[in-house]
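# Examination of the molecular architecture
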Amino acid sequence: MDGSMQNYVRISLYVFRYRKLVTLSVVCALVVSAFWAMNLSLAFPVVKVLFENDSLHEFVDKEIAARQATIAEHSATLQKLPESDVKRRARVQYLMGEQSGYVLMLTRIRNSVLPWVPQDRFDTMAAILAILLLATVVKGMFIYFQELLVGSIVQLTVNAIRQDCFRAALRLDIQSLGNIGTPSLMSRMTNDIEQMTQAIRVFGVTLVREPLKAGACTIWAFFVNWRLALLSVTMVPLLGLVFNFFGKRLRRASHRTMESMARIYECIAETFGAARIVIAFSGFRKHRRQFLKANRDYYTGSMKIVMLGALSRPISETMGVLCVFAALAPGAYLVLRQTDTILGIQLAAEPMSIAELATLYALLAGTLDPVRKLSSVFEQIKRGMAGCERVFGLIDQRTTVPEPPTPRVLIPHNSLISFRNVSFRYEGTDTEGIPRPLALRNISLDIRFGEVIAVVGGNGSGKSTLLSLLPRFMDPAEGQVLIDGIDIRELRTSELRSQIGLVTQETFLFNDTIYENIRYGNPTATAEMIHQAAEKAQAAGFINQLPEGYQTVIGEKGGRLSGGQRQRIALARAIVRNPSILILDEATSAVDSHSEDVIHTVLKDFAVGRTVFIITHSLSSAFLDLVTRIAVLEHGQLRAVGTVAELQQHAPSVLHMLQVDIPQTRAA
Ligand code: ADP
Ligand code: MG
């Protein structure tokens, strides 16, 4: 088979962790299937007792006598046959062997089972029914245990897979995550895994039990009449073909529904993530239409699956009935014509009795029922396998910022950060299939430890992209980034990032207490360090005024705080990290003048002994006293770099164009 085999193997590896439970559940399934075959084989004595006026005792005695007579006949024939007729002698000897086997079995039954069987026919019947009832109850108990066991195996397995999925997603780089998209991640970790759950459950319950049941019945049927049973088994490959045909189509259809489910997630996330804008602009119609389309796609895909499932069931059932008929039709012929051959082919050791045929029928029907059940879960399994592919696809995805095999040790940054001939291009293409243009083009820039460097430039000039290279959100396509002479790709990412504090324009806060949000910057921080950081970030004032102080839960994305307050908590978070490199990405841009003052005051103190990058599209004059140099980016290229005085001298137009508001220009 194709890649799907690999997925079965991988699921098995997960399931293997719970092998004790699995063994127990298989034992339960074995018991269930043994009882299943036994119940069905009770058809034999029932028919005997009801229709052939025999008690079992008489029947067995008669059988043994008859078989012994046959053996005697055969041995007489053997005597008469000349030694040279090897072929016929072998055949007769074979038949004798078969008969002696029966005699042996019957004698065993007479000695061990029959003493327990009543002589009276009605009593026998009652006993059989009692056994049937008892067996059904016991079987039911084992079904219960098996399903409980399988249920826990399934949940444990799925939890482990979901855990791995989450871990794998966290290991990915920002670009890959962006390409997959949060809604798709969500649908994989919920909907697709849920589909897998269903598949693994039926896998454990049905796929273990039903084939065992079918197997038990088949084995038993071979015992009753192996020739006829064999005839019926030869039809099985036909069933395989049917399953294969539907399987492929079901998998493809399942893939499509999962993708449309991801689109539904996307639609919900987008609409309600921007609820403010949606309501303000009354964009309901547009979103409803998008949702309707995603929903309709899902419906179309689901209907396709329903249709395939609905088709596969009756077809496979028909094929199953054909299998039974393959044995039953010749069987009926043998019974009704009282013969043991059809067209000269020996099909039974001797002419069959009705009871034998009835048993065979019951057993083959007992094989058919599991086949029917299997075909009804088939659709779920295929669906689950499609889910599996998507989930394992995520788990297998490799980050584009790999960890170095032998990382070098980074002592706290203390001399130089350099970008050397760095170029970068975002993955993917635009709508016309043309690769995106270079976002950074051959940038070389050295920043000494302790500098406060302003990276300025218009929208889309590549400022954020350049500084994203430093914490290795992505790696440059060409060139290197070095910290104190070490290529950052040779450092353990966690170690590299532990030296970097980041404050962005959109402050991301978690729905937790203020305390925990600050501590996020440094999980080892003590309460005192956190309070100090809040103090330094000038956030302590307003935090203390809150009724619950640091224990205030700030709502999703910090929704219960004002923009300026969120900014100060984000600053405190960066401060408590005590980074040697601080990056403020437009942190000073969309804030009111008071917040700008706050940031200025904070930086004045905090920037000492660190390297600070202030990314901004328009540098406020208030920061000029802090900034040691300015780097100007334009269309992904470094246009100029230098102190304010140097830039004024060599490239005044650049400053002017960027509306950098320097005191002299203002005076002029
Ligand atoms: P700045 O921060 O200076 O405003 P960016 O560094 O964010 O600019 O973007 C530089 C260029 O890269 C822009 O042309 C932008 O369209 C492109 N870009 C930014 N982020 C992505 C992304 N995730 N995928 C594709 N292109 C991007
Ligand atoms: Mg930016």
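Residues numbered from 1 in each chain as written. Chains lettered and ligands numbered in written order. Predicted model: local features only at pLDDT ≥ 70, side-chain atom pairs only at ≥ 80, totals over all residues. Heavy atoms only, no water.

## Quick notes on the overall build of the protein
For the protein, the helix and strand inventory stands at 23 helices and 12 strands. Against the compact-globule benchmark of 26 Å for 668 residues, the protein has a radius of gyration of 39 Å, which places it well outside the compact range. Along the three orthogonal principal directions, the C-alpha set of the protein runs to about 130 × 60 × 55 Å. Of all 668 residues assigned to the protein, the portion counted as buried reaches 47%. If you take every contact in the protein between residues at least 6 apart in sequence, the share linking residues at least 24 apart comes to 78%. With the model as given, the accessible surface of the protein reaches about 34500 Å², and the carbon-plus-sulfur share is 61%. (Helix = DSSP H or I, 4+ residues; strand = E, 2+ residues; numbered from the N terminus. Rg over C-alpha atoms; globule rule 2.2 N^0.38 Å. Buried < 20%, exposed > 50% of the residue type's maximum accessible area, 1.4 Å probe, protein only. Contact = heavy atoms within 4.5 Å. Areas by Shrake-Rupley, 256 points an atom, 1.4 Å probe, with all protein chains shown as cover.)

## Let's talk about the site of ligand 1
Taken together, Tyr426, Arg436, Ala439, Gly458, Asn459, Gly460, Ser461, Gly462, Lys463, Ser464 and Thr465 make up the full set of residues near ligand 1. Between Tyr426 and ligand 1, the recorded distance is 3.4 Å, taken from a side-chain N or O atom to a nitrogen atom. Thr465 has a polar side-chain atom sitting 2.4 Å from an oxygen atom of ligand 1. It is helix H14 (residues 463-468) that contributes the most residues to the shell around ligand 1, three residues altogether. Broken down by class, the residue content of the shell around ligand 1 amounts to two nonpolar, seven polar and two charged. (Near = heavy atom within 4 Å. Polar contact = N/O pair within 3.5 Å; in protein donor to acceptor, adjacent residues only side chain to side chain. Nonpolar A, V, L, I, M, F, W, Y, C, P; charged D, E, K, R; others polar.)

## Concerning the packing of aromatic side chains
Within the structure shown, the criterion is met by six aromatic pairs. Centre to centre, the rings of Tyr14 and Phe392 are 6.2 Å apart; their planes meet at 10°, and the pair counts as stacked. Of this pair, Tyr14 sits in helix H1 (residues 3-16) while Phe392 sits in helix H13 (residues 354-396), and the two are 378 residues apart along the sequence. Tyr14 gets classed as buried once you look at its relative accessible area, which sits at 9%. Relative to Phe145, the ring of Phe142 has its centre 6.5 Å away and its plane inclined at 80°; by these criteria the two rings are edge-to-face. Separated by three residues within a single helix, Phe142 and Phe145 lie in helix H6 (residues 121-171), roughly one turn from each other. Exposure remark for Phe145: the relative accessible area of 39% places this residue in the partly exposed category. Connected via pairs of aromatic rings, a cluster forms that spans Phe142, Tyr144 and Phe145. When the ring centre of Tyr102 is taken as reference, the NZ or CZ atom of Arg67 above it lies at 4.3 Å. (Phe/Tyr/Trp six-rings, centres within 6.5 Å; stacked < 30°, edge-to-face > 60°. Lys NZ or Arg CZ within 6 Å of the ring centre and 35° of its normal.)

## Focus on the pattern of salt bridges
For side chains bearing opposite charge, pairing can occur when the charged atoms are close. This structure, assessed with the given rule, holds 20 salt bridges. Note that Glu389 and Arg251 form a salt bridge whose closest N and O atoms lie 3.3 Å from each other. Residue Glu389 is found in helix H13, and its partner Arg251 is found in helix H10 (residues 236-273); the two are separated by 138 residues along the sequence. Taking relative accessible area as the criterion, Arg251 reaches 21% and is therefore assigned partly exposed. Salt-bridge contacts for Arg519 lead to Glu516; the nearest nitrogen and oxygen are separated by 3.3 Å. With Arg519 and Glu516 both in helix H16 (residues 514-519) and three residues apart, the pair spans about one turn of that helix. (Salt bridge = Lys/Arg side-chain N within 4 Å of Asp/Glu carboxyl O.)

## Observations concerning the packing of helix H17 (residues 527-536) against helix H19 (residues 563-576)
Taken N-terminus to C-terminus, the directions of H17 and H19 make an angle of 125°; their axes are 8 Å apart at the nearest point. With respect to their mutual orientation, H17 and H19 come out oblique. Note on packing geometry: the crossing formed by H17 with H19 is right-handed. Along the contact surface, H17 presents Met529, Ile530, Ala533, Ala534 and Lys536, while H19 presents Ala572, Ile575 and Val576. Residues that form the contact of H17 with H19 fall into these classes: seven nonpolar, no polar and one charged. (Axes fitted to C-alpha atoms, helices over the stretch in contact; angles between N-to-C directions. Parallel < 35°, antiparallel > 145°, perpendicular 65-115°, else oblique. Left-handed = near helix turned anticlockwise from the far one by under 90°.)

## Remarks on the sheet that holds strand E10 (residues 611-616)
Pairing within the open sheet is mixed, and its six strands lie in the order E8-E9-E10-E5-E11-E12. Pairing within the sheet leaves two strands with one partner each, and these edge strands are strand E8 (500-504) and strand E12 (637-642). Put simply, the sheet's adjacent strands are angled 15° from each other on average, direction ignored. Of the strand pairs in this sheet, E8 and strand E9 (residues 581-585) are connected by five bridges, and their pairing is parallel. Among the inter-strand pairings, Leu502 is bridged to a residue of E9, identified as Ile583. The sheet contacts of H19 involve E8 and E9, and relative to E8 the element is tilted by about 170°. Along the sheet, helix H20 (residues 593-606) makes contact with E9 and E10, crossing E9 at roughly 165°. (Pairing = 2+ DSSP bridges.)

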